[in-house]
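Structure assessment
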Amino acid sequence: MMNSIISNLKWSKRKGSLMLFLLLLCFCFQTKAQIPNVTSGYIGNTFNGGNNKWVQNHAYELDVASDGTMITASDWDEAGRCVGVFKDGEPVAYLKQFNGAGGHDCWGWGTSTKATAVDNNYLYLNDCNGFIQRYNRANNYSYVDAVNTGLAEGMTCSGSYVYMITPDGLVQKRVSSKLNLVALSFTVTGGYDLAVDNAGNIWVLTTNKEVLKFNSAGVNTGIKITAQRSGWKPSAVNYDAYNDLLLVPDNGPRRQVIKFNTSGIQVGTFGDLGGISAGAKGVVGDLRFWNISGCGTDASGNIFVCSTQWGTGGENTILESYNLVNNTLNWQKYCVMFVDAMGIDAASDGQDIYGKVEHFTIDYSKPEGQ
């Protein structure tokens, strides 16, 4: 009798499971029939991550080669590409120390960095252990070697030299082909970024919100760039070789790139006054900059600007290129969320999507990422 009861119970369970499966199957077919032509997509980044293409979630520094190749530097990228290499708005390289063979210490295949530089032959990055690594641009940015130089806050290239500045304000001019050779060294109190003009003068940005001019021998010339308006907040200094100008992003109320001649006199600006805070506040658009981490120009008269934010709950990056002659946009790429959660406004029929600090209005007639 007991065996018969157990057998009936087992059959009842199997029959119940079968009925539940059939009900779920019917539900799935009904659901599919009720929502025809379902497609999936993405928002938040210009690229979907395929083919090693995406924009990093932040960038401390931006460097531009004469041919328009743009380099972005960060100490963390969730997918491990801490240094971005972009040409015509497209990611074109994935840097890996030892070419991915292992043995690296820093995050992102050994490429975590706050300071990069680029010339016609090499891309340089100062990693988290204070080594300057070299990558061969002509060989698909393959890893070449590394030299222990100490940590750098900023780097730039000029001629056959790599210039770096340490967290203690030590400026060093190193031979690019033999990075262990120091041709010049001097200290600037509070210095944390630098640029070099065509005459070999070295411009150093300090924590006093001043850009000081030193000659090619490291002697202070007495020329300096200081506050131009109330709230002056310089974030970087870059040299525009195309126009022989200094470019200083001002993250104060102006939110513009300020142009200076090599005598330290302001000669112009780039970007809309007030940036993203002007007019329709918070709305992104052409020439509406916000937290500018760097800028640069190429030999063809194009300017590149990086607006970025990190560690404040709204991690994001917008990379832009404009023609300097008429200020028209060449391209714009972005990553505007990091570790986020999205909510769709049902009343908008899916056109309005909200993140923790973002509001997207979707035009479904455009390709994804635009």
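These remarks concern the structure in this document. (Residues numbered from 1 in each chain as written. Predicted model: local features only at pLDDT ≥ 70, side-chain atom pairs only at ≥ 80, totals over all residues. Heavy atoms only, no water.)

1. A closer look at unusual backbone geometry
Although it is not a glycine, Asp88 adopts a positive phi angle of roughly 55°. Assignment of secondary structure puts Asp88 in the loop between strand 3 (83-87) and strand 4 (90-94). Judged by relative accessible area, Asp88 falls into the exposed class, the value being 57%. (Helix = DSSP H or I, 4+ residues; strand = E, 2+ residues; numbered from the N terminus. Buried < 20%, exposed > 50% of the residue type's maximum accessible area, 1.4 Å probe, protein only.)

2. A short note on the sheet that holds strand 18 (residues 245-250)
One open sheet accounts for 4 strands, arranged 17-18-19-20; its pairing is antiparallel. Edge strands, defined here as strands with exactly one partner in the open sheet, are strand 17 (238-240) and strand 20 (266-270). Ignoring strand direction, the axes of neighbouring strands in this sheet form an average angle of 30°. Pairing analysis gives 4 bridges linking strand 19 (residues 256-260) to strand 20, with the strands arranged antiparallel. Bridge assignment links Ile258 to a residue of strand 20, and that residue is Thr269. (Pairing = 2+ DSSP bridges. Axes fitted to C-alpha atoms, helices over the stretch in contact; angles between N-to-C directions.)

3. Regarding the layout of surface pockets
Reported here for the largest pocket is a volume of approximately 1,500 Å³. Looking at the largest pocket, it is lined by 39 residues, and the ones nearest its centre are Tyr334, Val336, His359, Phe360 and Thr361. Among the elements that line the lining of the largest pocket, the one with the most residues is strand 24 (residues 329-335), at 5 residues. Across the lining of the largest pocket, the residue classes break down as 18 nonpolar, 16 polar and 5 charged. (1 Å grid on protein atoms, 1.4 Å probe; cavity = no way out; pocket = protein on both sides within 12 Å on 5 of 7 lines; lining within 4 Å. Points joined across faces, edges and corners; volume = space filled by probe spheres on them. Nonpolar A, V, L, I, M, F, W, Y, C, P; charged D, E, K, R; others polar.)

4. A look at the environment of Val92
Positionally, Val92 belongs in strand 4. The class for Val92 is partly exposed, based on a relative accessible area of 40%. Here the alpha-carbon distance between Val92 and Asn52, two residues 40 residues apart in the chain, equals 8.6 Å. In this view, Val92 contacts Val85, Phe86, Lys87 and Asn140; residues no more than four positions away in its chain are not counted. (Contact = heavy atoms within 4.5 Å.)

5. Quick look at the environment of Ile318
Tracing the backbone shows Ile318 in strand 23 (residues 316-323). Residue classification places Ile318 among the buried residues on the basis of a relative accessible area of 7%. Once the C-alpha coordinates of Ile318 and Cys335 are considered, the two residues, 17 residues apart in sequence, prove to be 6.4 Å apart. What Ile318 contacts, discounting residues up to four positions off in sequence, is Val284, Trp290, Val305, Cys306, Ser307, Gln332, Lys333, Tyr334 and Val336.

6. Notes on the state of the cysteines
By definition, a disulfide links the sulfur atoms of two cysteines through a covalent bond. A full pass over the atoms with the stated rule returns 1 disulfide. Covalent S-S linkage joins Cys106 and Cys128, the inter-sulfur distance amounting to 1.9 Å. Disulfide Cys106 to Cys128: torsion about the S-S bond roughly -100°, handedness left-handed. Pair noted here: Cys106 is in the loop between strand 4 and helix 2 (107-110) and Cys128 is in the loop between strand 6 (122-127) and strand 7 (131-136), with a separation of 22 residues, a long-range link. (Disulfide = S-S within 2.5 Å.)

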